[in-house]
Structure formats: structure tokens, C-alpha cells
Amino acid sequence: PLAWGRAARQPLGPLEPPGLPLAPCRAFSNNKILVELDESSGVATMKFKSPPVNSLSLDFLTEFCISLEKLENDRACRGVIFTSVIPKIFSSGLDITEMCGKSTEHYGEFWRAVQEMWLRLYGSNMVTVAAVNGSSPAGGCLIALSCDYRIMVENPKFSIGLNEAQLGIVAPFWFKDTFVNTVGHRVAERSLQLGSLYPAPEAHRFGLVDELVPEEKLQEKAVAVMAQWLALPDHARQLTKSMMRKAVLDRLVAHREEDIQNFISFISKESIQKSLRMYMEMLKKKK
Amino acid sequence: PLAWGRAARQPLGPLEPPGLPLAPCRAFSNNKILVELDESSGVATMKFKSPPVNSLSLDFLTEFCISLEKLENDRACRGVIFTSVIPKIFSSGLDITEMCGKSTEHYGEFWRAVQEMWLRLYGSNMVTVAAVNGSSPAGGCLIALSCDYRIMVENPKFSIGLNEAQLGIVAPFWFKDTFVNTVGHRVAERSLQLGSLYPAPEAHRFGLVDELVPEEKLQEKAVAVMAQWLALPDHARQLTKSMMRKAVLDRLVAHREEDIQNFISFISKESIQKSLRMYMEMLKKKK
Amino acid sequence: PLAWGRAARQPLGPLEPPGLPLAPCRAFSNNKILVELDESSGVATMKFKSPPVNSLSLDFLTEFCISLEKLENDRACRGVIFTSVIPKIFSSGLDITEMCGKSTEHYGEFWRAVQEMWLRLYGSNMVTVAAVNGSSPAGGCLIALSCDYRIMVENPKFSIGLNEAQLGIVAPFWFKDTFVNTVGHRVAERSLQLGSLYPAPEAHRFGLVDELVPEEKLQEKAVAVMAQWLALPDHARQLTKSMMRKAVLDRLVAHREEDIQNFISFISKESIQKSLRMYMEMLKKKK
């Protein structure tokens, strides 16, 4: 529990499973995520561009992790802003098609990628700012929660929250821990049980997002906030961040395989598969 | 700590001590608590009717646990609303006469019943809503805190809080844990040390109760809130609730006998007995 | 974890290192701290008077611990108010000269004294009220955070916060734990990373201080708050306080030597020494 003089973060090591193809440094992948690095400021922007709704597919997550790792290892980069190029959507969360009608091996691989994304993002040594320019349910909300600071467009049509319960599934304990660390136990307990999605102004009222801005000011505000955080000496800020987040990160690391097995057996249940199929049908009809 | 695919709650087993007389199913006891089950909605109401002040005597607690267990095991019941038929009082908390001038065996039996009440209520798989229609100090406040949602009549003459310190006694750690989970560490620390009772509007301001309503709207609001919570799939909601409350429940389960022994030796002290006698004298004079 | 019937606090034993010269009882030291005890009310006041800025030097800390221990053991004393006689400054925090250009032995001795101060203050059986009548960064803020109640002069020119990160150093885990217990995880995470100092009105808004008053009302208000806390039975209040703070106190006790070693190796780094020298240069130029 001691932070003094420790490395801020135990490096996660190369992406798992080993052998995953790493693109050469700085040749940023840009299939589902566009990465721009401004070397003068040391600030990168990761723009989600995976139509129609930036859902977190296995491909998206893999690209996310590779991009983040490259930035993490790039001395020219000290902070990352996350935003979307898809109108009205930041990210719709975990891709349900990855959890439906697939093999247990696939479920395991997918869940490991979700874990990896969170471990790298919540534990990042860089300053991370979410510029939430659209709705952000479930896994999309998790990405925002895992950043150091959350700015959201003030449009009440954009909502954010961990709404897993509405789909008949359960947010895993590390989603919950991240949520509790942000909004406290009571709000988390109530919101998770109800699967609540909050319009931006309400989310701001209880601290799920830190700040609201008009859409046209979002980029500018994200850059200003980033500059404020980067004004601090990296080493002290990183050690402090690690001190705040280590307990929760360590908990998943210690239970990672168990968490994967639990996910597989839960998601493989016919009752859950049926719920997810019904939910996907509903989404299709909405279009 | 993993919620995926687990049973939401380890069943507590039959009421302890074993051999406690269980009324036959659905023959609801109604000596101190009136239980009504609306089978169409799946919502039961437990109405406290133990004059003069719904104090939590051993008999009341036993009846509470039996009633709750029957509802828990009744597939027709998915949620419970708790309220009082005594004007101006929800519940006055633990019955001081049970803690004064009795044998150590009696203190032990009483404390086990208090624990049992909390374990069953805080860990209930059903949706639990407190419709607080009067003052609710100490153990009365604990009942409200242990529900999923708290609605209180907006009358500032009705107060609520864990005021044990005012009587010279100490709220046990699991009262404290429940309180911290609801209002956070700082408010709990200050309130428990001062034994603060808060008028309904103030209690609402810092989240000790979730909502205030005029007295004539209380029942209607409780039913509406219940419907909102019951709209979620039971299984996902129950797993989520368990994930949020398990750590605190497990802590009492692990230290249950020790907690009973601590209570017995504390309450048996002559200085504490004297405090309680003085407090009872004061209450008598108030009348 | 059980509070019933336990001693409120394991006594820390005589001040360490053993052999430290204890002034005879009631002959209050008054070199850097003026101690006044009003025997009629049972309330002492500790007035910091160490120009220019009440920095927490080894001498100040030693005197602080001795004075507090004497009051703790004085049956005539039930509460302590902490305030400053230096205009505009409550305390500027740890004395940087103690951390700069000294031997590792000195660093170790200094850090042990900082720990001792916090262990005695956060774990005090007495009621402790901070009457913050000036700015209170870093260690000064820790003193306020460790009290039971914080009243601050409403002057927005007075600021308070744990701003260690701004100096390139890291608040240790027990500063962090104390902060989280007061303002919650999210505010602590953000404030510690940014090294934020908050003007009094802002600090009040999120609960870093409990109450704001005009400067001329500060003493009167502190006395009134103290009277309110002393109205409770000591024993129940002490057991309750211990229950709330024990986990965090125990954590430092369990890791005390490790924490000292971590401090020594961190502060001995040339990069940290350079940061501190630059900071001191900047302070000198400000004058």
C-alpha cells in the first residue's frame, strides 16, 4: 500500500495472448480507431470510428489495447483524449454479437480482451481524458469512468451509465469498483440495480461526469483540461494515480482467470443467450 | 468477489436457533406486524403495528424474520414495502427493556435476533422499500438503511438517524457499515459520534433518505418506486445487489459469535445499565 | 472490527524514540505551540506560534506530540481546539528544510515524527476541532483532516489542500486514506493528482471543511462546536470514533518501518532533492 519511491505501475508486459501482432511503433493502426499524436504538446487523441455505434468488438478492443500500449511506450506522449467521430454516440459498449451464439473459447478470448482494455486504461501512466460527445452506455461508460477526467456534451439526449441489468446481465465486480470509486457506494448500488442511464445533466449532478460543455467547445475544453493535468510533474502524478487505483486493479489481476470462467459460464446459459437475442431483435426493430 | 453466474445470496438456512416455530406458509403472523401480499403485483407490505412505538422487541424481531423468510420463499412475492400503522412513528429502534436487567442468556438471544433481522433484510433477494411515515431512530433507522430505497414523509417533525451514542451505547460495526454504504464515511463518522437525529428534509439533503413526499402520497409513491425496481429482470438485479452488499454481510457472518459476546459484556456493565435505566426514566417522564 | 466493549484506542505507549524528554505534567511547553487548558470546560487550545509560517519542523512535531500526549493523559481535558497565532497561516505543512540536504538518519527521524503526529491526532480519544484561520497546505491540511471537525475562516484568500504533487512529491498512503475518509474517493483522486489547493469557500462546498465563519467569529464557533461534541458521553463517542478510524490507523501501524524506508529512499533521490531546492528558491524569491 506504500507509494513512496515505487514504480507507479507494474508494467503489464506485452499484450496477451503472446504473439499478438504488434504494429511497428508509430505506424498507428487506424481501422476502428484513429490515433493522432501532437508531438509539440505530448497529447494524443484516440478517435473511435467504428460504425454504426462504436461497439466494443474483439477487433475494436484489440486495436484499442495496441494503440494505447504504443502511446504508453512513446516518450513523446504524456496524455490521451478519447472521443468519437460517430455522431451522437461515444461508444455503445460491449458488442453483443461477440457474446451470442459463439464458442466458449470465443467468449473467453473476448472477455480477456475486455479485461485487458480496462487494466491498461484504468492503470495508464498517461493523463487520460474522456471527451464524451454522444451516448455512452455500459462498456462505453466504463471507458469514460476509467479516465482521469470526464467532459460530456451538455445535450440531455446523450445518456451515460452502466445499464447492464436492463439486458439481464450483471456488470462484473471491476466495473462496479470503478463506478464506486467515481460516484460512491450508494449511487453505484442504486444505479447498477436499476441499470440506470442518465442524461448528461443528471450524470453531471452526481459526479458521473466532471464537466458539461456545448458540443462545439468539447475539443477545446479537453485540450485545456489536459494542459492543466500535464502541468504537474509526471512522476509524482503517476505515483499518486497508482496509489489511488492499485487496490482495484490488483483485485482483477488476482482473480482474472476466475472472472473469465465466471463470464463464460454465465453467458453460456440458455436463459442469458435468449435475453441477448431478444435485445438484439429489439435493437434491429428500432432501426 | 465475483458476481458472474453465482447464486445471488447464500441462503441463510432455517431461522436460528433451530426449532423456532415456523407458521405454515401463507398463514401470516399478524401479532406485531401485519403482512399483506398483493399477488397480482407480487408486492407485499409489512405494516408495523406494535404500540406504543414499534420498538424492536425480541418478539417483534422474531415475527419480522419469520414473515420476511416466508415472503422470501414465496414465488408470488418479488418485493416488500415496510411501513407503520402507528401514527408519527416508523420504529423507535431496539427495545431497551430487552437490554436492561436481564440475564446474559437473554442478551445473547436478543442480539442474535437483531443480527438475524439485519442479515435477512440487507441480504434479501426481494426489492425492499422503506415507506418511512414517522420518526425512525437507531434500529428503526437501520431497517430503513437496509432497504433498497427509502421514501420518507416530508414532515420535519419526523426524524431519522443512528443516535445510539446519545444513550451512551455504540452502534455495532455492521450498523456502521450499512450507514457508510449509504451516506459515505464522513457523514457517518460525524453522525455516529454525535448520535445525530435528522429531520426528514435534512436527512434527504445528504442521502440518508432518497425521496420526500407528503404523507398522503407515501403509499402511492412506494408502489410506483417498487414497480420501477420490479421492471428489471430479477436474476440480474439480485446478483447486482449481492455484489454490492456481500462484503459487509460476510463481515458479520464471520464475526457473529464474537459480536454477540461483545454485546453481552458491554451491555452487562453496570455503567451501561445505569445509563439505560436513566434513559428509560426520562422517556417515562416525557409521557 | 468489533467495537462493543473494547478499549477505544490501543495506547501508543510513551513517545518514541524512548528517552525523549517529557516535560513535567502541566508545565506546558510553549516554544512553538502555546497550550491553554480551560479546566472548567475541559477544553484545551493548542495555538501554533512558529514564525514565519508554522511549518512542521522536527522540533514543532516533537512539541506537538508531547503537548497532545499530556492533554490525552490529563483527566481535566476532554477536547482540543487547534489554531494559529500567525496571521493568514494555519500551518504551511512539512518543513522542507528537514527533507533537503540532510542525512538518511535525519530523514528517518523526521518521518517517524510526522507519523507519530498523525497517529496521535487521528487516533485521539479527545474531541479535536480545527479552527483554521489561514492557509493550510499539505501537512497543515493533514492536521485539519485528522480532527473531528473543521471550521475555516471564510476568506477566499485562505486555501487548503494536499498539494504535494505540485512539489513533485507524493502524499503517503495514510494522508490519502485520511483524505478519502473525509471527501470520498473521487475528489481525493483528482485533488491529489492535481495537487489542488482550494479557497475556503470551495473547500467547504465539497466537505473538505465542515463550516465557514467570519474571522472574528472563529473562536466562538469553535467553542460552541466543542460544547456540542462534549455533550455526548465520552465512552460511547470514543468507541465510535475508534470504530470509524481504526482500519486506517492500523494500516500505518502495520507498515510503519516500511513507510519510513520508502520515504528515505524517495526523498534521497537527486531528482527529488533538486525539485525541493528549486521550490525553496522560488519561495525565497516570493519574499
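Our subject is the structure that appears above.
Here is what the cut-offs are and how they apply
- Residues numbered from 1 in each chain as written.
- Chains lettered and ligands numbered in written order.
- Predicted model: local features only at pLDDT ≥ 70, side-chain atom pairs only at ≥ 80, totals over all residues.
- Heavy atoms only, no water.
- Phe/Tyr/Trp six-rings, centres within 6.5 Å; stacked < 30°, edge-to-face > 60°.
- Buried < 20%, exposed > 50% of the residue type's maximum accessible area, 1.4 Å probe, protein only.
- Pairing = 2+ DSSP bridges.
- Helix = DSSP H or I, 4+ residues; strand = E, 2+ residues; numbered from the N terminus.
- Contact = heavy atoms within 4.5 Å.
- Axes fitted to C-alpha atoms, helices over the stretch in contact; angles between N-to-C directions.
- Buried area = accessible area lost by both parts, 1.4 Å probe.
- Salt bridge = Lys/Arg side-chain N within 4 Å of Asp/Glu carboxyl O.
- Polar contact = N/O pair within 3.5 Å; in protein donor to acceptor, adjacent residues only side chain to side chain.
- Nonpolar A, V, L, I, M, F, W, Y, C, P; charged D, E, K, R; others polar.
- Least-squares fit on C-alpha atoms with pLDDT ≥ 70 in both.
- Parallel < 35°, antiparallel > 145°, perpendicular 65-115°, else oblique.
- Left-handed = near helix turned anticlockwise from the far one by under 90°.

## What to know about the packing of aromatic side chains
Working step 1: If you walk through the whole model with that rule in mind, you get 36 aromatic pairs over all chains.
Working step 2: Arranged with centres 5.0 Å apart and planes meeting at 65°, the rings of W174(C) and F175(C) form a pair that is edge-to-face. Of the two residues examined, W174(C) and F175(C), each falls in the buried class.
Working step 3: Put simply, the rings of W111(A), W118(A), Y122(A), W174(A), F175(A) and F263(A) pair up and form one aromatic cluster.

## Concerning the sheet that holds strand β11 (residues 198–199) of chain B
Residues and elements named next belong to chain B.
Working step 1: Strand order in the open sheet formed by four strands is β5-β8-β10-β11, and the pairing between neighbours is mixed. If you trace the sheet from one side to the other, it starts and ends with β5 (88–89) and β11, each paired once.
Working step 2: The pairing of strand β8 (residues 134–137) with strand β10 (residues 159–161) spans two bridges and is parallel. By the bridge assignment, P137 is partnered in β10 with G161.
Working step 3: Across the sheet, helix α3 (residues 138–146) touches β8 and β10, and the angle it forms with β8 is around 100°.

## Observations regarding the interface of chain C and chain A
Many analyses report the size of an interface as the accessible area lost when the parts associate.
Working step 1: If you look at the interface, chain C gives 28 residues, while chain A gives 26 residues.
Working step 2: Here chain C meets chain A over a buried area of about 2,600 Å², counting both sides, of which 64% is carbon and sulfur.
Working step 3: On the chain C side of the contact with chain A, V170(C), R186(C) and Q193(C) bury the most area, a combined 29% of that side's loss.
Working step 4: Here chain C is connected to chain A by three salt bridges.
Working step 5: Across the salt bridge formed by R186(C) and D210(A), the nearest N and O atoms sit 2.9 Å from each other.
Working step 6: Summed over the shared surface of chain C and chain A, the result is six residue pairs in polar contact (both at pLDDT 80 or more).
Working step 7: When contributions to the side of chain C that touches chain A are tallied by element, the ones reaching two or more residues are α4 (173–183), α5 (185–194) and α9 (256–267) of chain C.
Working step 8: Looking at the side of chain C that touches chain A, the element that brings in the most residues is α5(C), giving eight residues.
Working step 9: The residue inventory of the side of chain C that touches chain A, partitioned by class, reads 13 nonpolar, seven polar and eight charged.

## Remarks on the relation of the copies chain C and chain A
Working step 1: Note on the copies: chain C fits chain A at an RMSD of 0.0 Å, the axial shift is 0.0 Å, and the rotation between them is 120°. Read as a symmetry element, the transformation amounts to a three-fold axis. Closest approach to the rotation axis among the C-alpha atoms of chain C is made by G184(C), whose C-alpha sits 4.2 Å away.

## Looking at the environment of E154(C)
Working step 1: Looking at the element boundaries, E154(C) is found in the loop between β9 (149–153) and β10 (159–161).
Working step 2: Setting aside anything within four residues of it in sequence, one finds E154(C) in contact with A200(C), P201(C), L212(C), V213(C) and P214(C).

## A word on the interface of chain B and chain C
Working step 1: The interface is formed by 28 residues belonging to chain B together with 26 residues belonging to chain C.
Working step 2: The junction of chain B with chain C conceals about 2,600 Å² of combined surface from both sides, 64% of it contributed by carbon and sulfur atoms.
Working step 3: The largest per-residue losses of area from chain B upon contact with chain C belong to V170(B), R186(B) and Q193(B), which jointly make up 29% of the total buried on that side.
Working step 4: Here R245(C) makes a salt bridge to E189(B), at a shortest N to O gap of 2.9 Å.
Working step 5: Taken together, chain B and chain C are joined by six residue pairs in polar contact (both at pLDDT 80 or more).
Working step 6: At the level of elements, α4 (173–183), α5 (185–194) and α9 (256–267) of chain B are the ones that each hand at least two residues to the side of chain B that touches chain C.
Working step 7: Looking at the side of chain B that touches chain C, the element that brings in the most residues is α5(B), giving eight residues.
Working step 8: Residues of the side of chain B that touches chain C, tallied by class, amount to 13 nonpolar, seven polar and eight charged.

## Looking at the pattern of salt bridges
Working step 1: Applying the stated rule across the entire model yields 56 salt bridges over all chains.
Working step 2: Between K221(B) and E211(B) there is a salt bridge, and its shortest N-O distance comes to 2.8 Å. Placement of K221(B) in helix α7 (residues 218–230) and of E211(B) in strand β12 (residues 211–213) is noted, with a sequence separation of ten residues between them.
Working step 3: According to the relative accessible area criterion, K221(B) is partly exposed, its value standing at 26%.
Working step 4: When its relative accessible area of 18% is taken as the criterion, E211(B) is described as buried.
Working step 5: Of the charged contacts, one joins E116(C) and R256(C) as a salt bridge, the two residues approaching to 2.8 Å between their closest N and O atoms.

## Here we look at the sheet that holds strand β11 (residues 198–199) of chain A
Residue and element names in this part refer to chain A.
Working step 1: The strand order β5-β8-β10-β11 describes an open sheet built from four strands, whose pairing is mixed. Bordering the open sheet on either side are β5 (88–89) and β11, each of which pairs with just one other strand.
Working step 2: Of the strands in this sheet, β8 (134–137) and β10 (159–161) touch helix α3 (residues 138–146), which is tilted by about 100° from β8.

## Quick word on the packing of helix α2 (residues 104–122) of chain B against α3(B)
Residue and element names in this part refer to chain B.
Working step 1: Two elements in contact, α2 and α3, have axes separated by 9 Å at closest approach and are oriented at 20°. With respect to their mutual orientation, α2 and α3 come out roughly parallel. When you trace α2 past α3, the crossing you get is right-handed. Counting all contacts with α2, which are made through M117, W118, L121 and Y122, the residues of α3 involved are L142, I143, L145 and S146.
Working step 2: Its residues assigned to classes, the contact of α2 with α3 comprises seven nonpolar, one polar and no charged.

## Topic: α5(C)
Residues and elements named next belong to chain C.
Working step 1: Taken across its ten residues, α5 has eight buried, putting it largely inside the fold.
Working step 2: Among all positions in α5, only H185, R186, A188, E189, S191, L192, Q193 and L194 are buried.
Working step 3: Of the residues one or two after α5, G195 is the one with positive phi, at around 60°.

## Brief notes about unusual backbone geometry
Working step 1: Along the chain, P51(A) connects to P52(A) via a cis peptide bond; the corresponding omega equals 5°.
Working step 2: Relative to the assigned elements, P52(A) resides in the loop between β2 (43–48) and β3 (55–56).
Working step 3: We note that A138(B) has phi near 45°; this positive angle belongs to a residue other than glycine.
Working step 4: In the Ramachandran plot, K88(C) falls in the positive-phi region, its phi being about 70° despite a non-glycine side chain.
Working step 5: The topology assignment puts K88(C) in strand β5 (residues 88–89).
Working step 6: Its relative accessible area of 61% is what places K88(C) among the exposed residues.

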